Amino acid sequence: MAETRPPLLLSTDTLTGYWLDLIFEVAKKNGFDGIDLAIWKNFDSRNIAYVKRLVEKYDLPVKVIQTSKDINIKEMNQALDLAGELGVDTITINPPGFFNIKSYKFVVDNLNSYKKSNPNIKFSIINPEKGTILLALPKYRFNSVIKIIKTYHANLGLDIANLEEEEFDSTLLRNLKNFVPYISTIYLSDKTQYDQSHVIPGDGILNIPSLMNKLHAADYKGYFSLKLHIDKKDLAHMEKLELILQRCISYYEQHYKKSDD
């Protein structure tokens, strides 16, 4: 019986400060299945011809295109152009901050139109980190995974490290079967009890093995994308970086097991 899993991608914003060619090289060398291209992080990531050359050079596909929290019509059109040329079926949108009304309205006012014009693309909103800027106001809009799906009729880019532990357990795990059809991408990382987010999976407090088991049982069809906050000193030390990435891949392979008949 052949063992298969959803593709594990490397989100390019994990390697902050790296140029895109090196990110592809690191991803290929360490065994990732593809790239989640955060197009605001590298100017060259919006150069279609250049990205296509990297895909061919490293034989490594771009599977997800990730837009910024300051999304506007120009950036969305760049994402769509890249998606069309690269055969990408998923665009994930980082949520605008609470006072970024312009980007928020752009998404709300245009999402249905983009969905109708591009039926083969899963437009997905990433759930933001928790926390408040003022006692009465959330830090970000789109701050509920349920509202992202039900109110805004979008797919979900599920960043599990942005969930509170209670929300992870009581909302996500208990109702996962209801969420799975709408999840396009799961951003894989962990968080500590001190709210340090996007740490190595297994180094924090989230019950990721239970999530993996439930996703396996629900026959999850989307992507996983590794998205970490890595210390600059580790980014500057290639051997240390590769050890971190290998730990993450091993963790994923250990906890997400699925066999084909």
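Above this text is the structure in question.
Residues numbered from 1 in each chain as written. Predicted model: local features only at pLDDT ≥ 70, side-chain atom pairs only at ≥ 80, totals over all residues. Heavy atoms only, no water.

Undergrad: What is the right way to look at the sheet that holds strand β1 (residues 8-11) in this model?
TA: Pairing between the strands of a sheet comes from backbone hydrogen bonds, and it takes one of two forms, parallel or antiparallel. Spatially, β1-β2-β3-β4-β5-β8-β9-β12 is the arrangement adopted by the eight strands of the closed barrel, whose pairing is parallel. Neighbour-to-neighbour, the strand axes of this sheet turn through a mean angle of 25°, independent of strand direction. Inspection of the sheet shows strand β8 (residues 155-159) paired to strand β9 (residues 183-188) by four bridges, in the parallel sense. Looking at the pairing, Asp159 lines up with Tyr187 of β9. (Pairing = 2+ DSSP bridges. Helix = DSSP H or I, 4+ residues; strand = E, 2+ residues; numbered from the N terminus. Axes fitted to C-alpha atoms, helices over the stretch in contact; angles between N-to-C directions.)

Undergrad: For this particular structure, what's the right way to read the packing of helix α6 (residues 165-173) against helix α8 (residues 208-217)?
TA: The geometry of a pair of packed helices is captured by two quantities: the angle between their axes and the separation between those axes. The N-to-C vectors of α6 and α8 enclose an angle of 15°; their axes lie 11 Å apart at closest approach. With respect to α8, the axis of α6 lies roughly parallel. The handedness of the crossing between α6 and α8 comes out as left-handed. In contact with Phe168, Leu172 and Leu173 of α6, α8 contributes Ile208, Ser210, Leu211 and Lys214. Per-class residue counts for the contact of α6 with α8 are five nonpolar, one polar and one charged. (Parallel < 35°, antiparallel > 145°, perpendicular 65-115°, else oblique. Left-handed = near helix turned anticlockwise from the far one by under 90°. Contact = heavy atoms within 4.5 Å. Nonpolar A, V, L, I, M, F, W, Y, C, P; charged D, E, K, R; others polar.)

Undergrad: What should I look at first to understand the packing of aromatic side chains in this one?
TA: Two measures describe an aromatic ring pair: the distance that separates the ring centres and the angle between the ring planes. Within the structure shown, the criterion is met by eleven aromatic pairs. With a centroid separation of 6.1 Å and an interplanar angle of 35°, the aromatic rings of Tyr114 and Phe123 are classed as tilted. When sorted by exposure, Tyr114 lands in the same class as Phe123, which is buried. Among the aromatic side chains, those forming a connected cluster through ring pairs are Tyr220, Phe224, Tyr252 and Tyr256. The lysine or arginine in question, Lys227, covers the ring of Tyr187, its NZ or CZ lying 4.8 Å from the ring centre. (Phe/Tyr/Trp six-rings, centres within 6.5 Å; stacked < 30°, edge-to-face > 60°. Buried < 20%, exposed > 50% of the residue type's maximum accessible area, 1.4 Å probe, protein only. Lys NZ or Arg CZ within 6 Å of the ring centre and 35° of its normal.)

Undergrad: Is there a simple way to explain the pattern of salt bridges in this structure?
TA: When their charged atoms lie close together, side chains carrying opposite charge are able to pair. In this structure the tally under the stated criterion is twelve salt bridges. Among the ionic pairs, Lys57 bridges to Asp21, the shortest N-O distance being 3.1 Å. Here Lys57 is found in helix α2 (residues 48-58), whereas its partner Asp21 is found in helix α1 (residues 20-29), with 36 residues between them in sequence. On the basis of relative accessibility, which here comes to 53%, the residue Lys57 falls in the exposed class. For Glu242, the salt bridge is made with Lys29, and the minimal N-O distance between the two is 3.2 Å. (Salt bridge = Lys/Arg side-chain N within 4 Å of Asp/Glu carboxyl O.)

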